[in-house]
Amino acid sequence: MESMVAPGEVLMSQAIQPAHADSRGELSAGQLLKWMDTTACLAAEKHAGISCVTASMDDILFEDTARIGQIITIRAKVTRAFSTSMEISIKVIVQDKFTGVQKLLCVAFSTFVAKPVGKEKVHLKPVLLQTEQEQVEHNLASERRKVRLQHENTFSNIMKESSRFRDPICNEEEGTATTRGTSVQSIELVLPPHANHHGNTFGGQIMAWMETVATISASRLCHGHPSLKSVDMFKFRGPSTVGDRLVFSAIVNNTFQNSVEVGVRVEAFDCQEWAEGRGRHINSAFLIYNAVDDQEKLITFPRIQPISKDDFRRYQGAIARRRIRLGRKYVISHKKEVPLSAQWDISKKGSLSNTNVEALKNLASKSGWEITTTLEKIKIYTLEEQDAISVKVEKLVGSPAHIAYHLLSDLTKRPLWDPHYISCEVIDQVSEDDQIYYITCSVVNGDKPKDFVVLVSRRKPLKDE
């Protein structure tokens, strides 16, 4: 068995028993999070040679489900070691023991911090890279760390931008719902079985308790069976110990067509703090759920109607986090790279233009567009579909449609109204209606400057609409 395990890597295999499953016979997400955290911790300590504690777990994606009787294998591996912290990649495979078929169940990345012994300073040894894929993950780990460190600043900047605009939802809009009935609070007393081998409350146990209250909160809105699909980030802000009272508070923040975001906050109280009513904020997370009805069909969630200032803050916060997730997904994706586009073939310009127009009409008519920015009379929407993200810009103008279209489709004028564009120039006049542009974009949050090439078809619409 040892020959199957690489340096800095740990494997855990578990047979799913009824005690590990939920009411539908599927592996509980909370139980899986416990196993994942344990496996990642053991991988971190295998590399560090000393005790390690969970700092965060992020980019958690649940690709499939597992049922009673199946077997899961969790593979945790150190991708990169920094001065005192390490990134651990976690991959979970589920196997049907009768057919032998294996499927990817979950992927995640966890950050662990090495605990110094006495006053001795910690300086972790680098990870020994043996394959080309390990080198890729090693490089991406640095990018992911940069995103984590910039996360709070990025979030604050987006929220400041959002605070300048009014709520885009009309108070009289039909089919909306409030989040008042989704608030859930629960308390747990930390007992010795809940402690880890360091004597602190086991991080995986805290995550499992958080998932429980979040699931209850989501179920109150959907009236169905919520299924955890991803977690923005479990962030540990401080430790707790045996004897602490942990108070978990969860509430729905916002909905996005077939998904809902639930925020969870955890506060810890020792005996004195409990009597005085002052706790310690030790953890927070944002969990994203889908839900199915009795016919196993995806439920479309009602749009959320913010009522109070706190509602609106959480509503806008969910949109900001979604924007960050989308950007993170396409900048440092741990999935396969997107293939390069085929080169422009001038002989196919006619059919390509017709296809583009038809595709844009179909895309614009789809449901699920979410507003992300409102700037004066301009609204920007995004639509996420599997591995693609689309952006739609709406602007109210007092001009005929064909004139407005002509002005907006001339990307050389876009720097005049879009602060993200630094420059835009035509590098190839393919035809009277088709042009290839070279665009440079501004630096955001200290990231590298962006530039790209795009083909734009400026065919006029058939009639004013």
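Residues numbered from 1 in each chain as written. Predicted model: local features only at pLDDT ≥ 70, side-chain atom pairs only at ≥ 80, totals over all residues. Heavy atoms only, no water.

Q: Looking at this model, I keep getting lost on the overall build of the protein. Mind explaining?
A: A count of helical and extended segments in the protein gives 7 helices and 18 strands. Taking all 465 residues of the protein together, the buried fraction comes to 43%. Sequence-distant contacts in the protein: of pairs separated by 6 or more residues, those separated by 24 or more amount to 68%. Per element, the accessible surface of the protein, about 25500 Å² overall, is 53% carbon and sulfur. (Helix = DSSP H or I, 4+ residues; strand = E, 2+ residues; numbered from the N terminus. Buried < 20%, exposed > 50% of the residue type's maximum accessible area, 1.4 Å probe, protein only. Contact = heavy atoms within 4.5 Å. Areas by Shrake-Rupley, 256 points an atom, 1.4 Å probe, with all protein chains shown as cover.)

Q: How should I be thinking about the sheet that holds strand β18 (residues 450-457) in this particular structure?
A: One key point about sheets: their strands pair by backbone hydrogen bonds, in either a parallel or an antiparallel sense. Overall, antiparallel pairing links the 3 strands, which are arranged β16-β17-β18 in an open sheet. Looking along the sheet, the strands with just one partner apiece sit at the ends: β16 (421-429) and β18. Looking at each pair of strands side by side, their axes are set apart by 25° on average, direction ignored. Summarising the sheet, strand β17 (residues 434-441) and β18 pair through 8 bridges and their orientation is antiparallel. Counted as the bridge partner of Tyr437 is Val454 from β18. (Pairing = 2+ DSSP bridges. Axes fitted to C-alpha atoms, helices over the stretch in contact; angles between N-to-C directions.)

Q: Even after reading the chapter, I still don't get the packing of aromatic side chains, so can you show me in this structure?
A: Aromatic ring pairs are defined here through the distance separating the ring centres and the angle between the ring planes. In this structure the tally under the stated criterion is 3 aromatic pairs. Between the aromatic rings of Phe269 and Trp274, the centroid separation amounts to 5.2 Å while the plane-to-plane angle is 80°, which identifies the pairing as edge-to-face. Looking at Phe269, the relative accessible area reads 8%, which means it is buried. Centroid distance Phe312 to Tyr315: 6.2 Å. Interplanar angle 15°. Geometry classified as stacked. Linking Phe312 with Tyr315, this pair stays in helix α5 (residues 309-331), spanning 3 residues, or about one helical turn. The exposure class assigned to Phe312 is partly exposed, which follows from its relative accessible area of 22%. (Phe/Tyr/Trp six-rings, centres within 6.5 Å; stacked < 30°, edge-to-face > 60°.)

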